[in-house]
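Fold and contact review
Okay, here's what each chain looks like letter by letter:
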Amino acid sequence: MSPTTAIDGNSSTNKKFKVTVVGSGNWGSVAAKLIGSNTLKLSSFHDEENVKYLPGIKLGRNVVADPDLVNAVKDANMLVFVTPHQFMEGICRRLVGKVRSDAEAISLIKGMEVKMEGPCMISSLISELLGINCCVLMGANIANEIAKEMFSEATVGYREHREVAERWVNLFSTTYFIVSPVQDVEGVELCGTLKNVVALAAGFVDGLDMGNNTKAAIMRIGLREMRVFSKLMFSSVKDNTFFESCGVADLITTCLGGRNRKVAEAFARNGGKRSFDELEAEMLQGQKLQGVSTAKEVYEVLSKRGWQELFPLFTTVHEITIGHLPPSAIVEYSEHTPNFSLVEGSAQYY
Ligand SMILES: NC(=O)C1=CN([C@@H]2O[C@H](COP(=O)(O)OP(=O)(O)OC[C@H]3O[C@@H](n4cnc5c(N)ncnc54)[C@H](O)[C@@H]3O)[C@@H](O)[C@H]2O)C=CC1
Ligand SMILES: O=C(CO)COP(=O)(O)O
């Protein structure tokens, strides 16, 4: 299937809008289905289906696949970005000067880039390169379950304009997909990004046949590292964000049923002898893991600042993925886990 889908519709104020979804993977296809069902009031097009990543699910009569990225975005005033994070910088560079200056964007992408200056969230990359505002939508959203219209929730993170966030909430919300706005872009985006690293740890635990107590401990330690890392990166991040769908709920669903967990389990069952690249290609058939590169990106930030000891779970996950430690190391570090608190934006032991 082609990389973009275009969807026409009316807003509640009757302002015309054209939505383009950039990315046609597993979640991208389901996002197009959600938006298509909410905008069906206007034009009708084909009944698209993504036979590779979402077989048997019709995406909607007004969803049109367009293989030409630049053509698909040129008239859109609502841009939805949903590709694996490692491809976004290249995609944004291709779109510089090609999108409407009044367009609003939203990123459903869980991941970040690391620059010389530090981490750069994907929403910031989009805003900086394309010169447009960018919200985020994250949550406990395993795409295959939402495709089957099973009840779930999501969080829209916005920076300033509540009315823009409400527009995105209306575009995505259905009776089975409940979306809530939160004024904390970085907090929402970092929750979605960092939980993929914790999901790898949960997968190692499953591959080592450890029990639910161990997995719960890993999730708790992981959530704590997510919160501390996020607040050290952006002092504006709010504690309450971690209790939204984008926080603890996404952490739970990904550690129970996500692709990162699944491939990490296989990695541990093979004693770390088969690489993540090999297992990803074999098990996911074109879909992409985000956790392995995110663990590397987080590690780059930690090592630049000398913070590895403050984040034993994040550090250990990266070292396991690159073969420096065996999968069993995931439960060996915890004896030395430091307790720390946040004091005025910096981490301190107590
Ligand atoms: N699948 C899921 O359940 C969920 C995924 N997400 C996030 O959404 C984002 C996208 O995930 P999915 O839609 O699942 O994608 P995916 O994992 O299904 O990846 C396939 C997509 O990658 C694209 N792709 C592959 N190689 C490429 C390349 N070299 N250059 C450009 N594009 C390339 C393909 O065109 C296809 O659109 C990720 O950040 C993921 O974490 C968020 C919530 C749920
Ligand atoms: O983000 C997800 C669910 O919210 C999906 O996680 P995986 O990429 O591990 O499948």
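Residues numbered from 1 in each chain as written. Chains lettered and ligands numbered in written order. Predicted model: local features only at pLDDT ≥ 70, side-chain atom pairs only at ≥ 80, totals over all residues. Heavy atoms only, no water.

Time to look at the site of ligand 2. Every residue lining ligand 2 is accounted for by K110, G139, A140, N141, I142, K195, D250, T254, G258, R259 and N260. In the environment of ligand 2, an oxygen atom lies 2.8 Å from a nitrogen or oxygen atom belonging to the side chain of K110. A distance of 2.7 Å separates an oxygen atom of ligand 2 from a polar atom in the backbone of R259. For ligand 2, whose unbound accessible area comes to 310 Å², protein coverage reaches 92%. The pocket occupied by ligand 2, as judged from atoms lying within 2 Å of grid points, is the largest pocket. Among the secondary structure elements, those contributing two or more residues to the shell around ligand 2 are α9 (245-257) and α10 (259-269). (Near = heavy atom within 4 Å. Polar contact = N/O pair within 3.5 Å; in protein donor to acceptor, adjacent residues only side chain to side chain. Areas by Shrake-Rupley, 256 points an atom, 1.4 Å probe, with all protein chains shown as cover. 1 Å grid on protein atoms, 1.4 Å probe; cavity = no way out; pocket = protein on both sides within 12 Å on 5 of 7 lines; lining within 4 Å. Sits in = over half its atoms within 2 Å of the grid points. Helix = DSSP H or I, 4+ residues; strand = E, 2+ residues; numbered from the N terminus.)

This part is about the pattern of salt bridges. Counting across every chain of the model gives 20 salt bridges. In this structure, K215 engages D206 in a salt bridge whose closest nitrogen and oxygen atoms are separated by 2.8 Å. For D206, a relative accessible area of 16% corresponds to the buried category. For R261, the salt bridge goes to E265, with nearest N and O atoms at 2.8 Å. Of this pair, R261 and E265 are both found in helix α10, four residues apart, which corresponds to roughly one turn of the helix. (Salt bridge = Lys/Arg side-chain N within 4 Å of Asp/Glu carboxyl O. Buried < 20%, exposed > 50% of the residue type's maximum accessible area, 1.4 Å probe, protein only.)

What follows covers the nonpolar core. Ranked by size, the top nonpolar core spans 52 residues in total, and within it F204, F229, F314 and V317 carry the most contacts. Among the elements of the structure, β8 (134-138), α7 (185-207), α8 (212-233), α9, α10, α11 (276-284), α12 (291-305) and α13 (312-321) are those that each provide at least two residues to this core. Broken down by element, the residue count for this core peaks at 13 residues, all from α7. Among the domains, domain 1 (4-183) and domain 2 (187-349) are the pair contributing at least three residues each to this core. In contact with F229, other than residues within four places in its own chain, are M112, L190, L194, V298, V301, L302, F311 and F314. (Core = buried A, V, L, I, M, F, W, Y, C linked by side-chain atoms within 4.5 Å. Domains from an automatic or database assignment. Contact = heavy atoms within 4.5 Å.)

For ligand 1, the set of nearby residues contains 21 residues, the closest of which are N26, W27, N141, A143 and K288. Backbone polar atom of L108 to an oxygen atom of ligand 1: 3.5 Å apart, as the coordinates give it. With respect to ligand 1, the backbone of K288 contributes an N or O atom lying 2.8 Å from an oxygen atom. For ligand 1, whose accessible area on its own is 840 Å², the fraction buried by protein is 79%. Put simply, ligand 1 lies in the largest pocket. Considering only residue class, the shell around ligand 1 consists of nine nonpolar, nine polar and three charged. When we break the shell around ligand 1 down by domain, the ones giving at least three residues each are domain 1 (4-183) and domain 2 (187-349). (Nonpolar A, V, L, I, M, F, W, Y, C, P; charged D, E, K, R; others polar.)

Attention shifts here to the packing of α7 against α10. Two elements in contact, α7 and α10, have axes separated by 7 Å at closest approach and are oriented at 40°. It follows that α7 is oblique to α10 by the angle criterion. You can see that α7 and α10 cross each other, and the crossing is right-handed. Listed contacts from α10 to N196, A199, L200, A202, G203, F204, D206 and G207 of α7 are N260, R261, A264, E265, F267, A268 and R269. Taken together, the residues that form the contact of α7 with α10 break down as seven nonpolar, four polar and four charged. (Axes fitted to C-alpha atoms, helices over the stretch in contact; angles between N-to-C directions. Parallel < 35°, antiparallel > 145°, perpendicular 65-115°, else oblique. Left-handed = near helix turned anticlockwise from the far one by under 90°.)

With that settled, consider the UniProt feature "binding site: substrate" (unreviewed entry) in the protein chain. When the UniProt feature table is mapped onto this chain numbering, "binding site: substrate" (unreviewed entry) sits at K110, R259 and N260. Spanning 151 residues, the annotated positions come together in the fold, the maximum distance between their C-alpha atoms being 13.1 Å. From the list above, the largest pocket is lined by K110, R259 and N260. Among the polar contacts made by the side chain of K110, one reaches the main-chain carbonyl oxygen of G139 at a distance of 3.0 Å. By the element assignment, R259 lies in helix α10. Using a relative accessible area of 33% as the deciding quantity, one classes R259 as partly exposed. When sequence neighbours within four positions are dropped, the list of residues in contact with R259 reads N26, L284, Q287, K288 and L289. (UniProt positions renumbered as here; feature names shortened; annotations may be inferred.)

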